[in-house]
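Secondary and tertiary structure notes
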Amino acid sequence: MSGARPASTPTRTDGVLADAVLALLASGVVLLAWQPTYAGSGWWIAGLSASFLAVMVAVAVRDAGGGGEVVTLGLFAGYLVVAGPLARGSLAVEGWDTVTDGIRGSWEVWHQLLTTHPPVTAAGPTLLPPILTGLVSGGFAATLALGSRRPAVPLVPVALALGAVLLIGQHQAASVLGVGVGAGAVAVVWLQVRAARLEAEEIGRDPARRRRTVVALVVVALCGAASLRLVGGDPVEDRYVLRDGVRPFAVSGIVTPLDSLRDLVLSDRKLLQVDGLPAGHRLRFVALDRYDGQSWTADNDTDPVRDDDRFLHVSETVENPAAGEVREVTVRATRYWDRPWVPTVGAVQSLGFQGSDADLGSDLLYNPATQSALLPGGLDADVRYAFTAIDTDRLADRRVEGSAAYDEELRDRLQVLDEVVSYWSIGAYTPMDALFKVAEGIRKVGRYSHGVEPWEQRFESGHDLRRLTDEFLLTVPTVGDEEQYAAAMALLATRMRIPARVVVGAVVPRDGAVRGSDVTAWVEIRAEDGTWGTIPAEVFMSRKPPDRLTAGGPVDRDYQPPSDVEPQLPDARPEQPADREDGPDADRDRGAAWWLLLPSVLLLLVVAVPAAKWVRRRRRLRSRRVSARYAGAWDELVDHARDLGVDVPVSAARPGQAAVLEGTLPLALEADRRIYGAGDLDPGDADAFWELVRAELREMDAVVPRWRRMLALLDPRTLR
């Protein structure tokens, strides 16, 4: 009886079963980190199957007395058997070629994952990463658990696999916190179980072990639940992933439709046949959001807010959330669409090529941030493709605030545009309102020409900075077409601290046949909530042709602010009717009516005018937009000065008005800085600005007699 096992000692079967189950749980948590990368459930089934088979192999080899090297060799051989057919996309096994294809596919698939927008279709070689993850996190962990007496050793392959998945995966992990809590919980439980079992094998079972294990499990569950509750399931995604260091496809050197817009319009050939898009809707060719001083181009990593602003490959579906109407569109390219850009609409959800061109989908590149697609090899004649998209085309609203995510470096290089902005934005209350005023001003003085006629040839194409300034905005006549107008308008918006980009596309006609004459360009600006709004070409572009008789040599345009305002002439006094009654009785009746009306007029002046001014002051002080409060405070100062008899030019800019009001220049500059600044405005600072204005008003009142102040209170001329 001396050789019998004590009843309190755990059996080996119990330990093997516990290690196998916990290895599968740990592997499942690691595989969960792949969820935001893949579409469907095929990757999950493949990874769990590989993990289960790997654990079974580890248990069988260890039970037969084999070591870890035997398990590793067996898992490697099994992986090669599976990898070859998956990499080839065929179940046929063709000897050594299948093995080499599996090795090559195992190497190339990682780059494919890093250069593809999620979610990736789980088919063929893309299943290899989850399979490898299952083999490492499940098989190697089980092997170490069954062969080592150190409690923490099996957690090493689990931690390495989890770190690799998080590095290769997406910024927007399904729940980095959830995966971390789950992995931590499994690790704590596995450590507790292994430590207790190893201790029992050496000194016997602890009677209180089960109670302590239950308490530890409860504590781990409570801590995990508290972490998820306090931190939430949507952590800040600013961690580093390997895709950040992978160089995407270089698109900045590709010729854009904006560069050849004039040729497209003048040729007027049929370019595309579009079905499924309503007439009058905009079909976008490409969005251009990088300007180098020579041209607007498409590029990668241009959006400081988003991390998917790259031209990467896409699978059958694209993770591209947006709000709007769903469109299902089919496009057929003609032989005259000899360019690599793939026209789309809004936020594309899926895109596929039809017929014999279906394989082109593997070469397609898409940028969700700019909603632009590219096929490096170009679209051949009669190539058809269909896509599903969420229509995000919305007109820009001048009442909203602009985003602060503009290109600061580009803005600093555009000081030459300041005089244009200052001239046309006079009287604007907000930066967005100023932008629309500038657009209206350019349309007012601009002229339209493609430079076709011999006398128009000096109105060249191109949108380098010299063409847009010295030969367009800053000269008379201001002549160009969609290329110059849209490119210049986007630069003006950037100078005004409003993010902008140029979009080239076409307005779809009724029959869906897009011709060169349908091609146009517009500007998109970014609002404070991150959405992009469209400013159509009609808002900032004139359609008036240049005057041939007065089209001499270019002359610098005078952008000096106007010194006075055009007077508003009253309407001509209506003629008295010929049959009106004359005589002393009529005069007496009119005199009586006048004396009856006079008290009402006096009462209106005494009560209504001060009340109206009080309401106006309250409206300015409590404006919903903080920037409007600054503008309202300055207007209150100007109106009060005019009521006191000071001749303040109404149409002048605030610094110009301050020149008349001694000592108010700092207030004018502060108001402009706050109104046109890019940062968020604090309502408390606006209240403090109002206090400064009130102090200035009191100083104005102190230098005039009391009767003048009373007249100012009753003066209705500044009510508007």
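Everything discussed here concerns the structure shown above.
Conventions we followed
- Residues numbered from 1 in each chain as written.
- Predicted model: local features only at pLDDT ≥ 70, side-chain atom pairs only at ≥ 80, totals over all residues.
- Heavy atoms only, no water.
- Helix = DSSP H or I, 4+ residues; strand = E, 2+ residues; numbered from the N terminus.
- Contact = heavy atoms within 4.5 Å.
- Core = buried A, V, L, I, M, F, W, Y, C linked by side-chain atoms within 4.5 Å.
- Buried < 20%, exposed > 50% of the residue type's maximum accessible area, 1.4 Å probe, protein only.
- Phe/Tyr/Trp six-rings, centres within 6.5 Å; stacked < 30°, edge-to-face > 60°.
- Lys NZ or Arg CZ within 6 Å of the ring centre and 35° of its normal.
- Pairing = 2+ DSSP bridges.
- Axes fitted to C-alpha atoms, helices over the stretch in contact; angles between N-to-C directions.

Focus: the side chain of Thr344
Along the chain, Thr344 turns up in the loop between strand 9 (341-342) and strand 10 (347-353). Those residues within four positions of Thr344 in sequence are excluded, and the remaining contacts are Leu283, Arg284, Leu351, Gln371, Ala373 and Phe387.

With respect to the nonpolar core
Core analysis: the largest hydrophobic core is formed by 86 residues, its most contacted members being Leu272, Trp296, Ile525 and Phe540. The leading source of residues in this core is helix 14 (residues 482-495), at 9 residues. Ignoring any residue separated from it by four or fewer positions in sequence, one finds Ile525 in contact with Ala396, Met432, Leu435, Ala493, Ile498, Pro499, Ala500, Thr531, Trp532, Gly533 and Ile535.

Describing the packing of aromatic side chains
Under the defined criterion, the tally for this structure stands at 11 aromatic pairs. Look at Phe353 and Tyr385: their rings are 5.6 Å apart centre to centre, the planes differ by 50°, and that puts the pair in the tilted class. A residue pair is termed long-range when its members are at least 10 positions apart, and Phe353 in strand 10 and Tyr385 in strand 13 (residues 384-391) qualify at 32 residues. Take Phe353: its relative accessible area is 8%, and that puts it in the buried class. Clustering of aromatic rings is evident, with ring pairs tying together Trp34, Tyr38, Trp43 and Trp44. Sitting above the plane of the Trp337 ring, Arg339 keeps its charged end 5.3 Å from the centroid.

Quick look at the sheet that holds strand 10
Strand order in the open sheet formed by 5 strands is 10-13-8-3-18, with antiparallel pairing between adjacent strands. Looking along the sheet, the strands with just one partner apiece sit at the ends: strand 10 and strand 18 (513-515). Strand-to-strand, the axes of this sheet are offset by a mean angle of 25°, without reference to chain direction. Where strand 10 lies against strand 13, 6 bridges are found, and the strand directions are antiparallel. Pairing of Gly352 across the sheet is with Ala386, part of strand 13.

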